[in-house]
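Structure assessment
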Amino acid sequence: KQEVTQIPAALSVPEGENLVLNCSFTDSAIYNLQWFRQDPGKGLTSLLLIQSSQREQTSGRLNASLDKSSGRSTLYIAASQPGDSATYLCAVTSGSARQLTFGSGTQLTVLP
Amino acid sequence: DAGVIQSPRHEVTEMGQEVTLRCKPISGHNSLFWYRQTMMRGLELLIYFNNNVPIDDSGMPEDRFSAKMPNASFSTLKIQPSEPRDSAVYFCASRLGQGNTEAFFGQGTRLTVV
């Protein structure tokens, strides 16, 4: 059964810092990995999707990398802003049924 | 497209009552997921449909929970009878195809069972 882990569970940084969020998964036979953002009391917003054949994807200040063989992905946020404060979740599509399995998230706080 | 639409946004009900949550996926999407989110357990997959057929319902907690997808544009998640421990935010998500595309989430239904 696929298990997804995100470390750290919470992170607090001053505005302007570059930061890295980590995601690991136990079964490397994935179809893709997706990063989401969730604001308090809201739904999940898709940030980036990386296919299993890709190494990285970029969107604005966000860069996500994927090392499928080692079961790891990172989300790099450049020049963090208070508006980046949210919970970030990663999810992998895997298995014969192609389920979408989530990690528990990293709660990010960017201090002004 | 309006995105994934869930209703109601909030539901407060008494223990023992039947609760029905509704989801309209993005038009053209043929995969639909129901998740439950709590502080203690995070996001848990309840059931996953592909082309209106349940593919994986191993996450449905017990017989009190049932889900249907009568057509490509509508799904329901029913809890009967409801219990206080069912209190959570229930999310619906949809995507195109069987796993190579982005999943998009609705805004969720916050269920409180008193």
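Notes on the structure follow. Computed from a prediction, not measured in an experiment: that's the story for all the values here. (Residues numbered from 1 in each chain as written. Chains lettered and ligands numbered in written order. Predicted model: local features only at pLDDT ≥ 70, side-chain atom pairs only at ≥ 80, totals over all residues. Heavy atoms only, no water.)

Re the overall build of chain B
The following threshold applies: Helical segments are the DSSP runs of H or I of at least four residues, strand segments are the runs of E of at least two, and each set is numbered from the N terminus. We compute the radius of gyration over the C-alpha atoms and compare it with the globule rule, which gives 2.2 Å times the number of residues raised to the power 0.38. Only protein chains enter the accessibility calculation, which uses a 1.4 Å probe. A residue is then buried if its area is under 20% of the maximum for its type, exposed if over 50%, and partly exposed in between. Any two residues whose heavy atoms approach within 4.5 Å are treated as being in contact.
Looking only at helices and strands, chain B has 0 helices and 11 strands in total. Its C-alpha atoms give chain B a radius of gyration of 13 Å, near enough to 13 Å, the size a compact globule of 114 residues would have. On the principal axes, the C-alpha backbone points of chain B span a range of 40 × 25 × 25 Å. Buried residues in chain B amount to 48% of all 114 residues. Considering only contacts within chain B whose residues lie at least 6 apart along the sequence, 54% involve residues at least 24 apart.

Some words on the pattern of salt bridges
Residues and elements named next belong to chain B. How we decide: Note on definitions: salt bridges are taken to be side-chain nitrogens of Lys or Arg within 4 Å of carboxyl oxygens of Asp or Glu.
Applying the stated rule across the entire model yields 10 salt bridges over all chains. Close ionic contact of Glu-18 with Lys-78 constitutes a salt bridge, the shortest N to O distance being 3.9 Å. With a gap of 60 residues between them, Glu-18 in the loop between strand 2 (10-13) and strand 3 (19-24) and Lys-78 in strand 8 (residues 74-79) connect regions that are remote in the sequence. Glu-44 serves as the salt-bridge partner of Arg-36, at 3.3 Å between the closest nitrogen and oxygen. Salt bridges sharing common partners tie together Glu-62, Arg-64, Glu-83, Arg-85 and Asp-86.

Description of the interface of chain A and chain B
Our working rule: In this description, buried area is defined as the sum, over both parts, of the accessible area (probe of 1.4 Å) that is lost when the two are combined.
Counting residues at the interface gives 19 residues for chain A and 20 residues for chain B. The largest contributions to the chain A side of the interface with chain B come from Leu-44, Arg-98 and Leu-100 of chain A, which together make up 29% of the buried area. Seen at the junction of chain A and chain B, the total is 0 salt bridges. At the level of secondary structure, the elements contributing two or more residues to the side of chain A that touches chain B comprise strand 4 (30-38), strand 5 (44-51), strand 9 (86-94) and strand 10 (99-102) of chain A. Looking at the side of chain A that touches chain B, the element that brings in the most residues is strand 4 of chain A, giving 5 residues.

Let's talk about the sheet that holds strand 7 (residues 65-71) of chain B
Within a sheet, neighbouring strands are paired by backbone hydrogen bonds and run either parallel or antiparallel to one another. Residues and elements named next belong to chain B. To keep it simple, the criterion reads: Two strands qualify as a pair provided that DSSP identifies no fewer than 2 bridges between them. Axis definition: a line fitted to C-alpha atoms, over the contacting stretch in the case of helices. Angles run 0 to 180 degrees between N-to-C directions.
Read from one edge of the open sheet, 4 strands run 1-3-8-7, paired in antiparallel fashion. Each edge of the open sheet is held by one strand with a lone partner, namely strand 1 (5-7) and strand 7. The sheet shows a mean angle of 15 degrees between the axes of neighbouring strands, taken without regard to direction. Of the strand pairs in this sheet, strand 1 and strand 3 are connected by 3 bridges, and their pairing is antiparallel. When the sheet's bridge partners are listed, Gln-6 is paired in strand 3 with Cys-23.

Points about the state of the cysteines
Residue and element names in this part refer to chain A. Where we set the bar: To count as a disulfide, a pair of cysteine sulfur atoms needs to be within 2.5 Å.
This structure, assessed with the given rule, holds 2 disulfides over all chains. Here Cys-23 connects covalently by a disulfide to Cys-90, the sulfurs 2.0 Å from one another. Residues Cys-23 and Cys-90 share a disulfide whose torsion about the S-S bond is about 75 degrees; that sign makes it right-handed. Of this pair, Cys-23 sits in strand 3 (residues 19-25) while Cys-90 sits in strand 9, and the two are 67 residues apart along the sequence. Exposure class is identical for Cys-23 and Cys-90. Each is buried.

A closer look at the sheet that holds strand 8 (residues 72-77) of chain A
Residues and elements named next belong to chain A. Judged by pairing direction, the sheet is antiparallel, and its 5 strands sit side by side in the order 1-3-8-7-6 without closing on themselves. Only two strands of the sheet have a single neighbouring strand rather than two, namely strand 1 (4-7) and strand 6 (56-59). Direction aside, the axes of adjacent strands within the sheet are offset by 15 degrees on average. As paired elements, strand 7 (residues 62-67) and strand 8 share 6 bridges and run antiparallel to each other. Note that in strand 8 the partner of Asp-67 across the bridge is Arg-72.

Read these as geometric descriptors, not functional statements.
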